[in-house]
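Coordinate inspection notes
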Amino acid sequence: MKRLCCVFVLLGCAMFADVARAAVTVSCTVTAGSIAFGIYNPLSGTTDASTGSLLITCSGRGTGSTSVTANLTLSSGLSGTYASRTMLFGTNKLNYNIFWSTAYNQVMGDGTGGSFGGTTGAFTVAAGGTSSATGTMYGLVPASQDVAPGTYADTIVVTVTY
């Protein structure tokens, strides 16, 4: 089982690793796309929603094929809690969270503090071939937060174990 971590500041990155399984060596790339909320208006009374992408791409070398299942977790970020993640601009805070769907009822996390980790379905990686699994992160900023104007950001660590 190999663990990949991907840190993103609501932006994106990639990480590489090799895993040997039987006669196939599997290399996976993990990419987390940014969640860019745009301009937040504290007087609007409406929530601000946006999405980000997740992509796990695996390629195989050697002979044969193998099945890969990826488990995905996200850190709580700078706030240290899943109850409400926090983006910062200096000492100013803007609450938000990241969810598994537009129902906004399951916080993406590591299974602690009311959060939920995720798992891809098994996908086959063949020698000389490439397979991938994709997902979407649904970000939500609650309405009516009285915050100073500025560029708010958080750092989230995405960990994939396969």
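An account of the accompanying structure is given in this report. (Residues numbered from 1 in each chain as written. Predicted model: local features only at pLDDT ≥ 70, side-chain atom pairs only at ≥ 80, totals over all residues. Heavy atoms only, no water.)

With respect to the helices and strands, Q145 occurs in the loop between strand 13 (130-141) and strand 14 (156-161). Among the residues examined, Q145 registers a relative accessible area of 12% and is labelled buried. Within the structure, Q145 has its side chain in polar contact with the backbone nitrogen of N95 (distance 2.7 Å). Excluding residues within four positions of it along the chain, Q145 makes contact with Y40, P42, L94 and N95. (Helix = DSSP H or I, 4+ residues; strand = E, 2+ residues; numbered from the N terminus. Buried < 20%, exposed > 50% of the residue type's maximum accessible area, 1.4 Å probe, protein only. Polar contact = N/O pair within 3.5 Å; in protein donor to acceptor, adjacent residues only side chain to side chain. Contact = heavy atoms within 4.5 Å.)

On to the pairing of strand 4 (residues 48-62). One ladder, built from nine bridges, connects strand 3 (residues 24-32) with strand 4; its direction is antiparallel. Bridge pairing in strand 4 links C28 to C58. Strand direction decides the pairing type here: strand 4 and strand 13, joined by twelve bridges, are antiparallel. Each bridged residue has a counterpart across the sheet, and for G52 the counterpart in strand 13 is M137. (Pairing = 2+ DSSP bridges.)

Attention now moves to the packing of aromatic side chains. Centre distance and the angle of the planes are the two values used to describe a pair of aromatic rings. Under the criterion given, the structure shown has three aromatic pairs. Between F89 and Y152 the ring centres are 5.5 Å apart and the planes differ by 50°, which places this aromatic pair in the tilted class. Here the residue F89 occupies a position in strand 7 (residues 85-89), and Y152 occupies one in the loop between strand 13 and strand 14, the gap between them amounting to 63 residues. By relative accessible area, which is 33% here, F89 ends up partly exposed. (Phe/Tyr/Trp six-rings, centres within 6.5 Å; stacked < 30°, edge-to-face > 60°.)

What follows concerns the pairing of strand 14. Consecutive side chains along a regular strand alternate between the two faces of the sheet. With five of six residues buried, strand 14 is to be regarded as a mostly interior element. Pairing geometry for strand 6 (residues 71-74) and strand 14, over four bridges, is antiparallel. In the sheet register, L74 faces strand 14, and the bridge partner there is V158.

Within the element layout of this structure, L74 appears in strand 6. Between the C-alpha atom of L74 and that of V160, which follows or precedes it by 86 residues, the distance is 8.9 Å. Contact partners of L74, with chain neighbours within four places excluded, come to Y82, R85, I98, M108, G109, D110, M137, I156, V157 and V158.

Turning to its location among the elements, D146 is positioned in the loop between strand 13 and strand 14. Owing to a relative accessible area of 79%, D146 belongs among the exposed residues under this scheme. It is 8.1 Å that separates the C-alpha atoms of D146 and L43, two residues lying 103 residues apart in sequence.

C58, L74, I98 and V160 are the most contacted members of the largest nonpolar core, which totals 31 residues. Within the residue set of this core, elements represented by two or more residues are strand 3, strand 4, strand 6, strand 8 (92-99), strand 12 (123-126), strand 13 and strand 14. Per-element tally for this core: the top contributor is strand 3, with five residues. (Core = buried A, V, L, I, M, F, W, Y, C linked by side-chain atoms within 4.5 Å.)

What follows covers unusual backbone geometry. Even without glycine at this site, Y104 takes up a positive phi of about 50°. With respect to the helices, strands and loops of the structure, Y104 is situated in the loop between strand 8 and strand 9 (107-108). Positive phi, close to 60°, is recorded for S144, a residue that is not glycine. Take S144: it is sitting in the loop between strand 13 and strand 14.

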